[in-house]
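Residue-level structural notes
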Amino acid sequence: MAGTAILAAALSACSGGSGGAAAGKAEMKQEQKPDMAIAVNLTGDQVKAGEPVKVTITDGKLAQVRVTDSKGGELAGQIAADGKTWTSERNASPGTDYKVEAQNTDSQSATSQFKTGAADKVNKVSINVPKGSTVGVAMPVSLVFDNPVTNKAEVEKQLKVTTSDNTEGSWGWIKDYSGKDRVDWRPKEYWKSGTDVKVDMNLNGVDSGKGGGLFARDYNTEFKIGKDRRMEVSLDTKKMTVTEDGTTVKTIPVSAGTPGGKKASWSGKMVLMSKEGTIRMDSQTVGLGDAYDKMVDYSMRLTWSGMYAHAAPWNSANFGRANTSSGCVGMSDANAASFYSEVQVGDPFEVVGDGSKGNADLGNGYGEWNLSWDQWKAKSALSGAPQNG
């Protein structure tokens, strides 16, 4: 009995000793786990902006990565399938402090910081539709750039139009009348009344290409499509027909441009660009010598080159009878006042009939409606792929 007890005690002691040694080894192994280490492609305090942030883990796998700036912004990104790298969806912006925070699948963490230098050259955007405005059914979204854009596809990828009714449309690149690069978003057909439109231009940090510089901010606007009002001027009948929701509501006698030379009107589909009220019109500014220089009431711009619809009381004898103007569409004071009070920027304005000097260039106003849908899509830097909003 005594021997048995001693043997049992010995076995018990051996068993207990073995368990303690194993636990010690496990503890030692855990203590020796190396710290998490990451490498970031952008380092230092004068990093060149305009490229994505890439975070690589030395050992193990990434579980989470956050890249934030000093203003509270965050660069979204994705971890690769193998868990080894994380890449931001957007580029680092110029003149910005960034902090990188990463965590691995073992709940270890690592951080890094960098700062981008200021851009050597900054590109900027002018937007045609002010935020909160209501516009007509033909109004395109039109962006004009201060500097050249040679990376058109990269820029276009960052432009997004969202609509309340999934309107189909496409971006198209053209030269503005000013000579600057311009990109417009045109629906396949005229907008539907009541459509809400939002435009996001996520350009911060995007390189516009040689001679253009980086964009240093994002842009956005939102607007609503108003009443479906359309105008058609017939050079043959010398009358302007106004329709609302497909029904003719007004016919106005007019006198358009004199046929056969520089004073002829442009024809085709145009868009009412702005309501400018009473303005001075000087023929010398549009290459027509000293033909006129006067203050003109109820002026509504149709092209950058100076074609307007406006009051022309000095030409009253020709309204509905003859086209004798210097290119604009003139009407009586009373008709112009009434018409001016009703129309909205973005309303379509089409000139048909004989005696015009043809269509204006695409960038001389909003001439994209003179192209077929396929022709317009072909002007996209992304192969004309339609963008649904």
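As a reminder, the structure under discussion sits directly above these lines.
The present account deals with the structure reproduced in this document. (Residues numbered from 1 in each chain as written. Predicted model: local features only at pLDDT ≥ 70, side-chain atom pairs only at ≥ 80, totals over all residues. Heavy atoms only, no water.)

1. Thoughts on the overall build of the chain
- When you go through the chain residue by residue, the secondary structure sums to four helices and 29 strands.
- Counting only residues that meet the buried cut, the chain has 44% of its 389 residues in that class.
- Put simply, of all contacts in the chain between residues at least 6 apart along the chain, 65% involve residues at least 24 apart.
- Roughly 19100 Å² of accessible area belongs to the chain as shown, and the carbon and sulfur atoms make up 48% of that amount. (Helix = DSSP H or I, 4+ residues; strand = E, 2+ residues; numbered from the N terminus. Buried < 20%, exposed > 50% of the residue type's maximum accessible area, 1.4 Å probe, protein only. Contact = heavy atoms within 4.5 Å. Areas by Shrake-Rupley, 256 points an atom, 1.4 Å probe, with all protein chains shown as cover.)

2. A look at a positive patch on the surface
- A contiguous patch of positive charge, built from Lys124, Lys131, Lys198 and Arg217, is present on the exposed surface.
- Mapping Arg217 onto the fold places it in the loop between strand E18 (214–215) and strand E19 (219–225). (Patch = residues over 30% accessible without salt bridge, like charges linked within 9 Å, V, L, I, M, F, W, Y side chains within 5 Å. Salt bridge = Lys/Arg side-chain N within 4 Å of Asp/Glu carboxyl O. Lys, Arg positive; Asp, Glu negative; His and termini not counted. Charge placed at Lys NZ, Arg CZ, Asp CG, Glu CD.)

3. A closer look at the sheet that holds strand E3 (residues 52–57)
- Spatial strand order, E1-E3-E7-E6: four strands in an open sheet with antiparallel pairing. Bordering the open sheet on either side are strand E1 (38–40) and strand E6 (77–79), each of which pairs with just one other strand. Across this sheet, the average inter-strand angle for adjacent strands is 15 degrees, counted without regard to direction.
- Relative to strand E7 (residues 85–91), E6 runs antiparallel, the two being bridged by three bridges. In the sheet register, Gly77 faces E7, and the bridge partner there is Ser88. (Pairing = 2+ DSSP bridges. Axes fitted to C-alpha atoms, helices over the stretch in contact; angles between N-to-C directions.)

4. Side note on the sheet that holds strand E14 (residues 159–163)
- The strand order E12-E19-E17-E14 describes an open sheet built from four strands, whose pairing is mixed. Since the sheet does not close on itself, it has two edges, and those belong to strand E12 (133–135) and E14, each with one partner. Geometrically, the sheet is characterised by an average inter-axis angle of 25 degrees between neighbouring strands, direction not taken into account.
- Pairing between E12 and E19: three bridges, direction parallel. Note on E19: the bridge partner recorded for Thr134 is Lys224.

5. Notes on the nonpolar core
- Counting 32 residues, the largest nonpolar core has Leu143, Phe145, Val155, Trp171, Val199, Leu203 and Phe223 as its most contacted members.
- Going through the elements one at a time, strand E13 (141–145), E14, strand E15 (168–175), strand E16 (181–187), strand E17 (196–201) and E19 are the ones with two or more residues in this core.
- Residues contacting Phe223, with those up to four places away along its chain left out, are Val129, Pro130, Ser133, Val135, Val141, Thr195, Asp196, Val197 and Val199.
- Met307, Ala336, Tyr340 and Val343 belong to the second-largest nonpolar core, a separate cluster that totals 25 residues. (Core = buried A, V, L, I, M, F, W, Y, C linked by side-chain atoms within 4.5 Å.)

6. Side note on the environment of Arg230
- Tracing the backbone shows Arg230 in strand E20 (residues 229–234).
- Residue classification places Arg230 among the partly exposed residues on the basis of a relative accessible area of 34%.
- Placed 118 residues apart in sequence, Arg230 and Pro348 show a C-alpha to C-alpha distance of 5.2 Å.
- Discounting chain neighbours no more than four positions away, the residues touching Arg230 are Val137, Tyr190, Thr241, Val242, Thr243 and Pro348.

7. Side note on the environment of His310
- Inspection of the secondary structure assignment puts His310 in strand E26 (residues 308–311).
- Accessibility expressed as a relative area gives 6% for His310, which makes it buried.
- Measuring from C-alpha to C-alpha, the distance between His310 and Tyr298 comes to 5.2 Å, with twelve residues separating the pair along the chain.
- Beyond its immediate stretch of four places on either side in the chain, His310 contacts Met281, Val296, Asp297, Tyr298, Ser299, Met300, Cys328, Val329, Gly330, Met331 and Ala336.

8. Section: empty space enclosed by the protein
- Applying the stated criterion across every chain yields a total of one cavity of 30 Å³ or more.
- Considering only enclosed or pocket space, the largest cavity measures out at about 50 Å³ in volume.
- For the largest cavity, the full set of lining residues is Lys269, Met270, Leu302, Thr303, Ala360, Asp361, Asn364, Gly365, Tyr366, Gly367 and Asn370.
- For the lining of the largest cavity, a count of residues per class yields four nonpolar, five polar and two charged. (1 Å grid on protein atoms, 1.4 Å probe; cavity = no way out; pocket = protein on both sides within 12 Å on 5 of 7 lines; lining within 4 Å. Points joined across faces, edges and corners; volume = space filled by probe spheres on them. Nonpolar A, V, L, I, M, F, W, Y, C, P; charged D, E, K, R; others polar.)

9. Here's the deal with the packing of aromatic side chains
- Within the structure shown, the criterion is met by seven aromatic pairs.
- With centroids separated by 5.7 Å and ring planes inclined at 15 degrees, the aromatic side chains of Phe145 and Trp173 adopt a geometry described as stacked. With Phe145 in strand E13 and Trp173 in strand E15, the pair connects residues that are 28 residues apart, well separated along the chain.
- Arranged with centres 6.3 Å apart and planes meeting at 90 degrees, the rings of Trp191 and Phe223 form a pair that is edge-to-face. Pair noted here: Trp191 is in the loop between E16 and E17 and Phe223 is in strand E19, with a separation of 32 residues, a long-range link.
- We classify Trp191 as buried; its relative accessible area is 2%.
- Residue Phe223 is classed as buried on the basis of its relative accessible area of 4%.
- Members of the aromatic cluster, connected to one another through ring pairs, are Phe145, Trp173 and Phe215.
- One residue, Lys357, lies across the ring of Trp266, its end atom 4.6 Å from the ring centre. (Phe/Tyr/Trp six-rings, centres within 6.5 Å; stacked < 30°, edge-to-face > 60°. Lys NZ or Arg CZ within 6 Å of the ring centre and 35° of its normal.)

Treat this as a map of the structure, not an account of what it does.
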